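Residue strings, one per chain:
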Amino acid sequence: MSFGSMFSAFAKKTAEDMAEQYGGEIGKNLIGGNNELANSLLGALTGKQQLSIQNVASMVQSSGGEQLVEHAETKGLDPALLNGVMGMLKGGGGGGDAGDGGGGGLDMGSVFKMIGGLTNRDGGGGGGGADGFMQLLQGFAGGSGGEGTNTGNIVQILLGLAKSYFNVKGKSNPAIQDWDAAGAGQNKSDDNFLNWALSVIRDLVFPGKKPKEIIQAGGDDDIDTGADAGKKKDDGDVKGWFDGHPEIGKMQKDVFDDIFDTTDDDKTDEDDPAPVIPTPSDFQENCSCLDNASILFLNCNLLLEYRKNWRFLFSTLSHARSLDEMMSKICYKGPTLIIAKDTEGNMFGAHASTSWCDTEGGWVGNGECFIFSIQPKMAIFHSTGKDENFQMLSSDSLAMGGQPGNFGLELNSDLTTGSSSGSIETFHTIRLSSGSTFEIDHVEVWGLGPEPDERTERANAQPRQPNLKTRGGDVDMLDLESQIM
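Residues numbered from 1 in each chain as written. Predicted model: local features only at pLDDT ≥ 70, side-chain atom pairs only at ≥ 80, totals over all residues. Heavy atoms only, no water.

Asks: Would you take a moment to explain the pairing of strand S13 (residues 437-448) for this structure?
Replies: Within a regular strand, the side chains alternate between the two sheet faces. The element S13 is extensively covered by neighbouring structure, given that 9 of its 12 residues are classed as buried. Here strand S5 (residues 336-342) runs beside S13; their pairing, made up of 7 bridges, is antiparallel. Bridge pairing in S13 links Ile338 to Val445. The sheet contact formed by strand S12 (residues 417-420) and S13 spans 3 bridges and is antiparallel. Note on S13: the bridge partner recorded for Ser419 is Thr437. (Buried < 20%, exposed > 50% of the residue type's maximum accessible area, 1.4 Å probe, protein only. Helix = DSSP H or I, 4+ residues; strand = E, 2+ residues; numbered from the N terminus. Pairing = 2+ DSSP bridges.)

This is how it looks when you write it as structure tokens:
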């Protein structure tokens, strides 16, 4: 019997088993002798995808999964995910080394369940399914499901997904390849992948708490990150958390579509309107201090409309080190990301929601602005809603949040020093540097989304002036009164 015939017979047997499970013997008899329902198991797939699944099943059948492991390792799949996949194939009995295929004894039905869950073949949407993620966790844990999931195992799978995404997709994804040229290739950091994983799991481990509160209390340091370590989280909570982080499902689907060769024939990475990794444009070689984990973190915290394209505007590695030079590159260019690195290795910055301009002592921007930290911790610090002191710019300094003398983030006129405060009203932020002032090692700025029309941006620039500018009686009483009432 050819493998294709064996595969169809197995699909029919699987359909019979499903019918018996949900309809008893009557249901099984209804499908007997009729391939229509069995064929429907494959009918939703293209010919290429059917062949791909047959190839995966063949690798599993012929060597107990060893060939599949070798194939996945060659593609760049991380060891944590290899262990999870083998655990899934063995019905959750994975434990031990991923390479220990063992030969035989594998449930072939697990092949279909695995591929369907990891690539979301059953569920629609743009990413891999939560059920597949849960199966991956259970496989990684050696089948000890039903009692919740250790936080350490979740961290390990997150690390595996992120590393695998760049290993696997980096061979074909133009955006990742462009970022390598822009600097991410030479800035690679496994430590930052852990920072990313902790930033993602934070709201599962500490529900309802803001990053500022968690970081200041040392909560990140208390999260267990090793395999089978840490407190267990209820499966329902894990699924709800997974649904709140669609980037996890996107990476899961992209990685395993590539591993199993089940990518939709008519789709490419460029077709995604809100990809995990943006495409950088107009950049210069090695102009950026960002690494892959940092780009992933920042992009997935932007509005969907800004996630496809980042436009290179300024870098102290490529341009003259002065605020005047930076102003000439970033003003009236739409929303931006500013990234700064100090001489102690701390990395942080801010997202400006509107075009920069000389604010003439006032402020621009809105509540979509945020401050962020990348090193030593990854976190987003959103607006408090207490004031609108979002973006201030003059020839003397660029600042976000707070007020003169106490800014959330400030860069000085020659871009050599700056300041940061965690005691401001504008953002729920920590102090971004080890001291209140810092020495700048590097600054870069990226424009987000399509480049806007400069004339329109100039016309829309209307800085808000401080209400208590009392000299000469210049007070906006209506605005002041509306804030008091």
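Asks: What exactly am I supposed to notice about the nonpolar core here?
Replies: Most often, soluble globular proteins have nonpolar side chains that are buried together. Ranked by size, the top nonpolar core spans 82 residues in total, and within it Phe133, Trp196, Trp241, Phe256, Ile277 and Leu290 carry the most contacts. Per element, the largest residue contribution to this core is 10 residues, and it comes from helix H8 (residues 151-169). With residues near it in sequence (within four places) discarded, Ile277 still touches Tyr165, Phe166, Ala175, Ile176, Trp179, Ile295, Leu296, Asn299 and Arg307. Ranked by size, the runner-up nonpolar core spans 36 residues in total, among them Leu313, Tyr332, Ile338 and Ala379. (Core = buried A, V, L, I, M, F, W, Y, C linked by side-chain atoms within 4.5 Å. Contact = heavy atoms within 4.5 Å.)

Asks: Sorry if this is basic, but what is going on with helix H14 (residues 292-299) here?
Replies: Side chains of residues three or four places apart in an α-helix project in the same direction, reflecting 3.6 residues per turn. Within H14, 8 of the 8 residues are buried, which leaves it mostly tucked inside the rest of the structure. Buried residues of H14: Asn292, Ala293, Ser294, Ile295, Leu296, Phe297, Leu298 and Asn299, and no others.

Asks: Just checking my understanding: could you explain unusual backbone geometry for this structure?
Replies: Cis geometry marks the peptide bond from Gln375 to Pro376, where omega comes out at 5°. Mapped onto the fold, Pro376 is located in the loop between strand S7 (370-375) and strand S8 (379-381). Its identity is not glycine, yet Asn286 carries a phi of approximately 55°, on the positive side. In this structure, Tyr332 takes a positive phi of about 60° despite not being glycine. Relative to the elements of secondary structure, Tyr332 occurs in the loop between helix H15 (323-330) and S5. Since its relative accessible area comes to 16%, Tyr332 is described here as buried.

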